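Structural overview for review
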Number of protein chains: 2
Amino acid sequence: MKLRRSSPEEAGWAETTVGPWTRHRRHVGYRNPWLTVWHDEVTRPDGEPGIYGVVHFRNTAVGVVAIDDEDRVALVGQHRYAFDRYHWEIPEGGSPLEEDSLEGAKRELLEETGLRAGTWREIGRWELSNSVTDEAAVAYLATDLRQGRAQPDGEEVLEFRWLPFDEVMALIAGGEITDALTVLPMQALALERARGQAD
Amino acid sequence: MKLRRSSPEEAGWAETTVGPWTRHRRHVGYRNPWLTVWHDEVTRPDGEPGIYGVVHFRNTAVGVVAIDDEDRVALVGQHRYAFDRYHWEIPEGGSPLEEDSLEGAKRELLEETGLRAGTWREIGRWELSNSVTDEAAVAYLATDLRQGRAQPDGEEVLEFRWLPFDEVMALIAGGEITDALTVLPMQALALERARGQAD
């Protein structure tokens, strides 16, 4: 495979220790506006030579659980290209690594649903797929909502629907909502509620 | 960027409809033994020309929540290369797409912890990062455990530790365990328990 030499700022031609690995060389294997794949020549933990391909994301994945006064959750439906399948999810998007991810969350919520929220709270942060990607995700709870007009960008064809919190949890338990960035914060909120009732 | 022409079986040089997109051409942008990046020339939902880079995984991500008779969960600690950080997680690994993922789960549990389980149950299936990857994940609950000897492969340096279920949930709530494939099934099990107590 033909590999491009990486730009100096991401090169790391100097030998680098990564936990029990040693990285000898880093090439750019692929690049587009959303991600870069680094192809690293390494010495593995067992001392053998090997390679490590890291999918580096330019954006943090941000998700927003927007809940209205009737305890309904804002869901968006869209055809996901990578799976060639229609998915219902919370509003999500990419927030550039150098951006405050809360600002990214506000923008994505507005673009996809037209909603603005008066109250924001971080629900959690996770790594989505840490074996070969460095994608980080964060989800926020948005409440005190006002409805405006959605502003989807050219790559998105979205439906927007309100669904009661408990129905969303039933769809998750039933395996009908399967997007990790939707399931992670919804489960976290449901557990908070369960603990609150137990106290 | 220099792009290789894809092999016939993955080519799709014929125009293909993917929901509201049209795919015109597919090249292989990068490939290693674990993943392939497809670089697709598309017409976007708004009719404009664009590209879509899909990170195609050769493996399903499998995770195992192994719980012993004292309600302790088997955790493994390892340095994750992509984040250059130490993570505690449930035993996880890749199961080739053509393999029964339960077989993959049994193998990964044995390799990483030396455990064999008498009882297996699927907890759930999710897509980890559906904007640009097609990685699917499945997690199983493993109980009725017998301890044997761990058999890590050369790319893994692992610690193995038992932690009470509630302590694992506290580490998740506190943001100290952040791996999605660990958090998703643990939260699902905690919700099952909370529902059981409420009944």
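Cut-offs applied
Residues numbered from 1 in each chain as written. Chains lettered and ligands numbered in written order. Predicted model: local features only at pLDDT ≥ 70, side-chain atom pairs only at ≥ 80, totals over all residues. Heavy atoms only, no water. Pairing = 2+ DSSP bridges. Helix = DSSP H or I, 4+ residues; strand = E, 2+ residues; numbered from the N terminus. Axes fitted to C-alpha atoms, helices over the stretch in contact; angles between N-to-C directions. Least-squares fit on C-alpha atoms with pLDDT ≥ 70 in both. Phe/Tyr/Trp six-rings, centres within 6.5 Å; stacked < 30°, edge-to-face > 60°. Buried < 20%, exposed > 50% of the residue type's maximum accessible area, 1.4 Å probe, protein only. Lys NZ or Arg CZ within 6 Å of the ring centre and 35° of its normal. Contact = heavy atoms within 4.5 Å. Arc of directions from axis to C-beta. Salt bridge = Lys/Arg side-chain N within 4 Å of Asp/Glu carboxyl O. Buried area = accessible area lost by both parts, 1.4 Å probe. Polar contact = N/O pair within 3.5 Å; in protein donor to acceptor, adjacent residues only side chain to side chain. Nonpolar A, V, L, I, M, F, W, Y, C, P; charged D, E, K, R; others polar.

**Some thoughts on the sheet that holds strand β6 (residues 59–66) of chain B**
Residues and elements named next belong to chain B. Read from one edge of the open sheet, four strands run β9-β6-β11-β10, paired in mixed fashion. Of all strands in the sheet, those with a lone pairing partner are β9 (92–96) and β10 (115–127), marking the two edges. Here the strands of the sheet are splayed against their neighbours by 30° on average, with no regard to which way each runs. Note that β6 and strand β11 (residues 136–147) share six bridges and pair parallel. What sits directly across from A61, in β11, is A137.

**What to know about the relation of the copies chain B and chain A**
With an RMSD of 0.0 Å, the operation that places chain B on chain A is a rotation of 180° combined with a shift of 0.0 Å along the axis. Accordingly, the operation relating the two chain copies is best matched by a two-fold axis.

**Looking at the packing of aromatic side chains**
Applying the stated rule across the entire model yields twelve aromatic pairs over all chains. When the ring of W21(B) is compared with that of Y52(B), the centres are 5.7 Å apart and the planes differ by 90°; the resulting orientation is edge-to-face. You can see W21(B) sitting in strand β3 (residues 21–31) and its partner Y52(B) sitting in strand β5 (residues 49–57), a full 31 residues away along the chain. For the pair W21(B) and Y52(B), a shared accessibility class is recorded, and that class is buried. Cluster of aromatic residues (ring-pair linked, three or more members): W21(A), Y52(A) and Y81(B). The positively charged end of R26(A) is found above the aromatic ring belonging to W38(A), 3.9 Å away from the centroid.

**Quick look at the sheet that holds strand β12 (residues 159–164) of chain A**
What holds strands together in a sheet is hydrogen bonding between their backbones, with the strands either parallel or antiparallel. All names here are of chain A. One open sheet holds the three strands; their spatial order is β8-β7-β12, and the pairing between them is antiparallel. A single partner strand is all that each edge strand has here, and the edge strands are β8 (85–89) and β12. Recorded for the sheet is a direction-independent mean angle of 30° between the axes of neighbouring strands. Pairing geometry for strand β7 (residues 72–80) and β8, over five bridges, is antiparallel. Counterpart to R80 in the pairing with β8 is R85. Strands in contact with helix α3 (residues 165–173) are β7 and β12; relative to β12, the strand with the most contacts, it is inclined by about 100°.

**Brief notes about α3(A)**
All names here are of chain A. All of the buried residues along α3 are F165, V168, M169 and I172. When α3 is viewed along its axis, its buried side chains cluster within an angular range of 100° and face the same direction. Just beyond α3, the residue with positive phi is G175, at close to 75°.

**Considering unusual backbone geometry**
Residue and element names in this part refer to chain A. Residue D71 is not a glycine yet carries a positive backbone phi of 60°. Note that D71 resides in the loop between β6 (59–66) and β7. A relative accessible area of 27% places D71 in the partly exposed class.

**Let's talk about the pattern of salt bridges**
Under the counting rule described, the total for this entry stands at 24 salt bridges over all chains. The salt bridge partner of D68(B) is R72(B), with a shortest N-O separation of 2.8 Å. Look at D68(B) and you get buried, because its relative accessible area is 15%. Given a relative accessible area of 25%, R72(B) falls into the partly exposed group. Where K106(B) meets E103(B), a salt bridge forms, and the shortest distance between an N and an O atom there is 3.9 Å. Separated by three residues within a single helix, K106(B) and E103(B) lie in helix α2 (residues 101–113), roughly one turn from each other. In this structure, a network of salt bridges that share partners links the residues R23(A), R26(A) and D40(A).

**Observations concerning the interface of chain B and chain A**
If you look at the interface, chain B gives 64 residues, while chain A gives 65 residues. Roughly 5,700 Å² is buried in total at the junction of chain B and chain A, and carbon and sulfur atoms are behind 64% of that figure. Taken together, the connections running from chain B to chain A amount to two salt bridges. Of the charged contacts in the structure, one is a salt bridge between R85(A) and E127(B), with a shortest N-O distance of 2.8 Å. Linking chain B to chain A there are 25 residue pairs in polar contact (both at pLDDT 80 or more). Mapped by element, the contributors of at least two residues to the side of chain B that touches chain A are β2 (16–18), β3, β4 (35–43), β5, β7 (72–80), β8 (85–89), β10 and α4 (180–198) of chain B. Tallying contributions element by element places α4(B) first for the side of chain B that touches chain A, with eight residues. In terms of residue class, the side of chain B that touches chain A is built from 32 nonpolar, 15 polar and 17 charged.

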